[in-house]
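# Topology and contacts: notes
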Amino acid sequence: MTVLWTSADAAAATGGTNTADWQATGVSIDSRSLQPGDLFVALKDLRDGHDFVAPALAGGAAAALVTHRPAGVAADAPLLIVPDVMAALTALAAAARARTRARMVGVTGSVGKTSTKDMLRTVLGGQGRTHAAEASYNNHWGVPLTLARMPSQTEFAVIEIGMNHPGEIAPLARLARLDVAIITLVAPAHLEAFDSVEGIAHEKASIIDGLLPGGTAIVNADIATTPILLAKAADAGVKCVTFGQSDRADYRITDIRLTPDTTVVKATARGNPILFKVMTPGRHFAPNALAVLAAADALGLDPTIAACDIGRWIPPAGRGTREKIVMDRVEDQSFELIDDAFNANPASVAAGLDLLAVIAPTDGVGRVGPGRRIAVLGDMLELGPTEHELHAAIAQHPRLAEIDTIHCVGPRMRALHAALPLRKRGLWVATAGELAPQARHLVDAGDIVLVKGSKGTKVSLVVDALRKLGQAVAQGHEGTD
């Protein structure tokens, strides 16, 4: 494997002191997923990473980045000793960025940043060596870790940047030194830390602070806070490109056609017609895919290849993974499960219900008879003082008529449960642990079941219980972020 860091290079980047010579082929902060040859970074979070240095070295770590020699670690163990581990990881990130000529794309947004990041990985990867964040590594340690893992020969890199509080995005964007910055959508999320959606827009817009001279900002033209994003780009003096369905958008969607398996999009790119497919249904994928094509243009890539490669995108597990759960192979008894149990806010829940509404159930194969569209919705967290109103508002979703039953999980979702029409009102439970044992009573053969909620609600327990009703067979992927 290619050497990512030598002991000398890492010491020069961090100002630390090595106890031995070493070479690392990767960087890890988790001893459970560490690969042999990784540099183990002993961060302090809920646990002190120094407690796991000995197991990491025993598991094949090339060295450990630490502030001191932990108890139980041999005197000749390979360590890089620094005053502050988090600061040292950030210094590694800066050094990794400085030694590469990669074109950098940063993505932020209340909804859609992870799927957009993964679309970018697919599209850019079709035209050069591409490095991108794993999972949702988008916070104060995730972004530096992604950069520190970047090989020096990288040609394109994709950095996802998230936030929970004001002031988090700009420093991470500056660390990445971006050529392109995408803002997917600004919507109610993390309102516990912000006074308004406008406050969220200002924070999202701060990704523009990380653009290099000559860089391009790509912003959503369809939202109420678009003027805030445009003003930030103007103040920064950077090129700004808009996307969406607005007549004023530079990259404009003119038509979206949904089938059970695809989203077909007609659009114009600065007036020139384009046609592309996303190989999964969902109207919400169309603008994000168009933003990716705008980024490819900004980087000077072949637009035809980029449009074709959009169709190769597959979202990560837990963000809309679509599975067929076979309960009885002899009688062909099965239902379809959409696992979107990783994240939830009003915009992404609306997108999830849109997705559920477009997939057709199968009639006449189950005990109930007609196949049903069923949603299991967990609390949307961090929405602030209007959280109950925002949960209740889901009952006004325009496609609710096509959803048969909605089960609600969590104290906040009780507001939705009360607001639902009686004929659509399923169960309400305080915790996912109470609903999971009832899984076999929730579904029937022929049904389509969406499970969505913030990660903290643990609705993944319901997903696991539904999977255990049969054997899972991958169908497709429909992440709604």
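Quick summary incoming for the structure in this document. (Residues numbered from 1 in each chain as written. Predicted model: local features only at pLDDT ≥ 70, side-chain atom pairs only at ≥ 80, totals over all residues. Heavy atoms only, no water.)

## Topic: unusual backbone geometry
- Here R270, not a glycine, exhibits a phi torsion of approximately 55°, which is positive.
- Residue position: R270 is located in the loop between β15 (263–269) and β16 (272–278).
- Of note in this structure, E382 is not a glycine but carries a positive phi near 65°.
- Mapped onto the elements of the fold, E382 is located in the loop between β19 (373–378) and α12 (387–392). (Helix = DSSP H or I, 4+ residues; strand = E, 2+ residues; numbered from the N terminus.)

## Here we look at the packing of aromatic side chains
- Taken as a whole and judged by the stated rule, the model has two aromatic pairs.
- Note on Y137 and W141: the rings are 5.3 Å apart at their centroids and 65° apart in plane angle, and the pair reads as edge-to-face.
- Ring geometry for F285 versus W313: centroids 5.2 Å apart, planes at 65°, classification edge-to-face. Taken together, the positions of F285 in helix α9 (residues 285–298) and W313 in the loop between α10 (303–309) and β17 (321–328) put the pair 28 residues apart, joining distant regions of the chain.
- Residue F285 is classed as buried on the basis of its relative accessible area, which comes to 1%. (Phe/Tyr/Trp six-rings, centres within 6.5 Å; stacked < 30°, edge-to-face > 60°. Buried < 20%, exposed > 50% of the residue type's maximum accessible area, 1.4 Å probe, protein only.)

## Section: the sheet that holds strand β2 (residues 17–18)
- Spatially, β2-β7-β6-β5-β4 is the arrangement adopted by the five strands of the open sheet, whose pairing is mixed. Two strands bound the open sheet, and with one partner strand each, they are β2 and β4 (26–28).
- Direction of pairing for β4 relative to strand β5 (residues 38–41): parallel, over a ladder of three bridges. Paired with G26 across the two strands is D38, which belongs to β5.
- Set on the sheet, helix α3 (residues 85–98) makes contact with β5 and β6 (63–66); between it and β6 the angle comes to about 120°. (Pairing = 2+ DSSP bridges. Contact = heavy atoms within 4.5 Å. Axes fitted to C-alpha atoms, helices over the stretch in contact; angles between N-to-C directions.)

## Details of helix α8 (residues 226–236)
- Of the positions making up α8, those classed as buried are T226, I228, L229 and A233. The buried residues of α8 occupy an angular sector of 165° when the element is viewed end-on, so they sit on one face. Turned more than 90 degrees away from the buried face of α8, the exposed residues are P227, A234 and D235.
- Buried residues belonging to α8 abut β11 (178–183), α7 (197–205), β12 (211–220) and β13 (239–244).
- One or two positions beyond α8, positive phi appears at G237, with a value near 70°. (Arc of directions from axis to C-beta.)

## A few points about the nonpolar core
- With 38 residues, the main nonpolar core has L120, L124, I182, I218, F276 and I310 as its most contacted residues.
- Here the element with the most residues in this core is α9; it accounts for ten residues.
- Within the second largest apolar cluster, 33 residues are counted, among which are L147, I161, A201 and I223. (Core = buried A, V, L, I, M, F, W, Y, C linked by side-chain atoms within 4.5 Å.)

## Let's talk about the pattern of salt bridges
- Tallied over the full model, the rule gives 21 salt bridges.
- In this structure, D209 engages R174 in a salt bridge whose closest nitrogen and oxygen atoms are separated by 3.7 Å. In this pair, D209 sits in the loop between α7 and β12 while R174 sits in helix α6 (residues 169–176), placing the two residues 35 residues apart along the sequence.
- Close ionic contact of R312 with D309 constitutes a salt bridge, the shortest N to O distance being 3.1 Å.
- Residue classification places R312 among the partly exposed positions, given a relative accessible area of 46%. (Salt bridge = Lys/Arg side-chain N within 4 Å of Asp/Glu carboxyl O.)

Purely spatial values, then, with no claim about function.
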